[in-house]
Each structure stands twice: as structure tokens, then as C-alpha cells.
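So the chains spell out like this:
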Amino acid sequence: MAHYSIWVLEYAAVEKFPFSVMMYGPQHQGTRKLPYAYALLKGGGETILIDTGYDHVAYGEQLATAYGVSNYHGPRAVLAECGVKPEDVTSVFITHAHFDHMGAMHLFPNAKFYVQKSELDKWVWALTLGPEYRFLVGGGDPADIVRAVEAAKEGRMICIDGDQENVLPGIDVHLAADTHTYGSMYVTVRNDGTSGGEDRWIFAGDLIYTYDNLTGLDPAAPQIVPIGLAVGSQHNLIFSSAEMLKSVGGEVRRVIPVHEDRLRTTFPSRLTDRGLQVVEIALANGEQSCVG
């Protein structure tokens, strides 16, 4: 089994994001900081991203401005915090097609991209509908779908149809259909454990925004509460979250929501000179820390 060093790298943030969008139901709960981030994995000769962030130009910039995103930095500056260049990235797992998760594909010229077939199929379908259905394509940049097709023409886009184990050594993907988006997926990283077992981490994409989605707000009565933004069903979001929790034996901290500001206090982290968080999830033997 492979062993990956894993970091979550913030590249921008919404300083005041409505909590009612992060968590379905609670109203008048104010705002929280919502980091924009992606995960970096290194190991087994691979340099891997889970999602790409977005490029702060054209419609990507318009969407970011509409959502109140600030302090954007591109992947060259952000990855440099861990000694990586965009050209070094060999593989990218796209959890879903929103602009802040696959909006910078063109900045990784040597990478292969993995995405769910149903995600691309349904986004193309939704884009053919009239303007009265525009909620179904909110948060997406049509140019990203075009870039996905261009990557396919170059042999760098791999569509996965459902769950698949060992897409790369120790990395599995799981379809969460009709949840946050049509073909959202989460990614499981299965590292070698120190005592011969398995050190498992799940990267949830936007199936959860905060650990509170997995625990609820009342410690005395824990529950799964879905996010407040979906084109699919809350039912599907709840059961996808339950599957993730079961996979890690109920250990909430092992389900990583990249939009969770509390990652910086849950794991070793540091603030960069640009005011961005670098969070260290796991290190392989001999790998140098980016947060020391």
C-alpha cells in the first residue's frame, strides 16, 4: 500500500459566509469564515491534488466577487509553500464541477483528471435548459466544462462511473449521486498505519462544509445535519455522510471538509506570509513538514 503525505492548502476565503448555507435548517445563526482550499498529496512517485481551486479571471472572478471571496492566490504561489509547482502535479481528483473546485484545470498542464461521468453528463444537460432553471448550474463556470472536454481530447480526462477502488494505489473514489451536485464524489486515502493497520482519511468535497454537519450543534444529542445547498436531496446527503463516518469508524476528524476553518486547530498548521493556512493532515516517513 502507498503512503501519502497530505496537506490542505487554503488559497482564498469568504470571511463572512452565511451559516444557514453551511448547515440546513438553523436560521439567524450569523456567519462563519469559509476557507477556499484544496488538498495536496505526495507519495508513490505521484503529486496529487483533490480539486484545483479556481482561476481569478473572467467568469471565475465574477463568481468569486458575487460570493464575497477575498485574498485569492493562484496555485503557483500556494503550492510553493510545500515546494511544489503546478507542472509537478500528476493527478487531480475533481469532487464536483463547481467553479472553486475545478476552475483551474488549465493551470496544471501535466495532470490527468478524474471525475464522475454523471457529473459531467448532467452539467452539460443542465446547461441546455432555459434561464428559469439557472439554479441548477449556479456555482459553475461553463468554461470549465469546455476545459474538461479539451482535457479529454488530450487523453487527460478520465470519467469514472460510480465507486472505484485503487484508482491510484491506496486511493478510492465513491459516488454520492444527486447530493450537492449530480455526480459529487468523495475520495478515500488509505495510508499504511504505523502498526500494520490502515490510516484512512476521507476528503468530502462539498458533501459537508463543517464538522457540524456530522455532529449537529447539540453535543448531548448528536445527529447528521446536511449542508444547505444542493441540487439533489437532503436524504442522499445524510446517508452519504453516514457512509463516510462509518468508513472511518465514526472518527469525525478523519472526514476532511476543506471549507472548515477549524482544520487549522484540529491539525498542525501555520499561517503563511500571504495570510493563508497550510494544514498538515499526515506525513509519510521522511517527508518534510510544510508547517514546522
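The rules behind each value
Residues numbered from 1 in each chain as written. Predicted model: local features only at pLDDT ≥ 70, side-chain atom pairs only at ≥ 80, totals over all residues. Heavy atoms only, no water. Helix = DSSP H or I, 4+ residues; strand = E, 2+ residues; numbered from the N terminus. Buried < 20%, exposed > 50% of the residue type's maximum accessible area, 1.4 Å probe, protein only. Contact = heavy atoms within 4.5 Å. Pairing = 2+ DSSP bridges. Arc of directions from axis to C-beta. Axes fitted to C-alpha atoms, helices over the stretch in contact; angles between N-to-C directions. Parallel < 35°, antiparallel > 145°, perpendicular 65-115°, else oblique. Left-handed = near helix turned anticlockwise from the far one by under 90°. Nonpolar A, V, L, I, M, F, W, Y, C, P; charged D, E, K, R; others polar. Disulfide = S-S within 2.5 Å. 1 Å grid on protein atoms, 1.4 Å probe; cavity = no way out; pocket = protein on both sides within 12 Å on 5 of 7 lines; lining within 4 Å. Points joined across faces, edges and corners; volume = space filled by probe spheres on them.

Regarding the overall build of the chain
The helix and strand inventory of the chain stands at nine helices and 14 strands. Each principal axis of the C-alpha distribution contributes one length, and for the chain these read about 55 × 55 × 40 Å. Here the chain, with 292 residues, has 53% of them falling under the buried criterion. Taking all contacts inside the chain whose residues are at least 6 apart in sequence as the whole, residues at least 24 apart take part in 65%.

So, the sheet that holds strand β12 (residues 255-256)
Sheet architecture is open: five strands sit in the order β8-β9-β10-β11-β12, paired in mixed fashion. The open sheet has two edge strands, β8 (164-168) and β12, and neither has a second partner. As paired elements, strand β11 (residues 198-203) and β12 share two bridges and run parallel to each other. Counted as the bridge partner of phenylalanine 203 is isoleucine 256 from β12.

What to know about helix α5 (residues 117-127)
Residues that lie three or four places apart on an α-helix share one face, since the helix turns once every 3.6 residues. Within the sequence span of α5, burial applies to Glu119, Leu120, Trp123 and Ala126. Along the axis of α5, the buried positions cluster into a sector of 130 degrees, meaning they face one direction only. Tucked inside the fold, the buried residues of α5 contact β6 (112-116), α6 (142-153), β7 (157-160) and β10 (183-192).

Observations concerning the packing of α5 against α6
Two numbers describe a pair of packed helices, the interaxial angle and the distance between the axes. Between α5 and α6, the least distance of the axes is 11 Å, while the angle of their chain directions is 135 degrees. Taken together, the axis directions place α5 and α6 in an arrangement best described as oblique. As α5 packs across α6, the resulting crossing turns out to be left-handed. Only Pro142, Ile145 and Ala148 of α6 make contact with α5, whose side of the interface consists of Leu120, Trp123, Val124 and Leu127. Classifying every residue of the contact of α5 with α6 gives seven nonpolar, no polar and no charged.

So, the state of the cysteines
All chains considered together, the criterion is met by one disulfide. A sulfur-sulfur distance of 2.3 Å marks the disulfide that ties cysteine 82 to cysteine 290. Taken as a pair, cysteine 82 in the loop between α3 (75-79) and β5 (91-93) and cysteine 290 in the segment after β14 (277-282) lie far apart in primary sequence, 208 residues in all. A single burial state applies to cysteine 82 and to cysteine 290, both of which are buried.

Looking at the pairing of β6
Along β6, four of the five residues are buried, which leaves the element largely enclosed by surrounding structure. Across three bridges, β5 lies against β6 in parallel orientation. Bridge pairing in β6 places valine 92 opposite phenylalanine 113. Of the pairings in the sheet, the one linking β6 to β7 comprises four bridges and is parallel in character. Each bridged residue has a counterpart across the sheet, and for glutamine 116 the counterpart in β7 is isoleucine 160.

Things to note about the side chain of threonine 272
Counting through the fold element by element, threonine 272 comes out in the loop between β13 (269-271) and β14. Judged by its relative accessible area of 7%, threonine 272 falls in the buried class. Dropping the residues within four chain positions of it, threonine 272 is found in contact with Glu81 and Val278.

Observations concerning the layout of surface pockets
Within this model, the largest pocket holds a volume of roughly 400 Å³. The set of elements that each furnish at least two residues to the lining of the largest pocket consists of β1 (5-18), β2 (31-43) and α4 (99-102). Tallied by class, residues from the lining of the largest pocket come to 14 nonpolar, six polar and three charged.

Overview of empty space enclosed by the protein
If a probe the size of a water molecule is rolled over the atoms, the empty space left behind becomes visible. If you walk through the whole model with that rule in mind, you get two cavities of 30 Å³ or more. What the largest cavity holds in volume is close to 90 Å³. Around the largest cavity, the lining residues are Val8, Glu10, Pro35, Ala37, Val258, Glu260, Asp261, Leu263, Arg264, Gln277 and Val279. Those elements giving two or more residues to the lining of the largest cavity turn out to be β1, β2, α9 (263-266) and β14. Of the residues contributing to the lining of the largest cavity, the split by class is six nonpolar, one polar and four charged. When its volume is computed, the second largest cavity comes out at roughly 40 Å³. Residue lining of the second largest cavity: Leu9, Glu10, Ala77, Val78, Glu81, Thr272, Arg274, Leu276 and Val278, and that is the complete set.

Description of the environment of isoleucine 171
As for its placement among the helices and strands, isoleucine 171 is situated in strand β9 (residues 171-177). Considered as a pair, isoleucine 171 and histidine 3 are 168 residues apart in the sequence and their alpha carbons are 10 Å apart. Here isoleucine 171 is in contact with Tyr4, Leu41, Ile48, Phe93, Glu165, Asn166, Val187, Thr188, Val189 and Arg190, once residues within four sequence places are set aside.

Any functional reading would require information that these geometric values do not contain.
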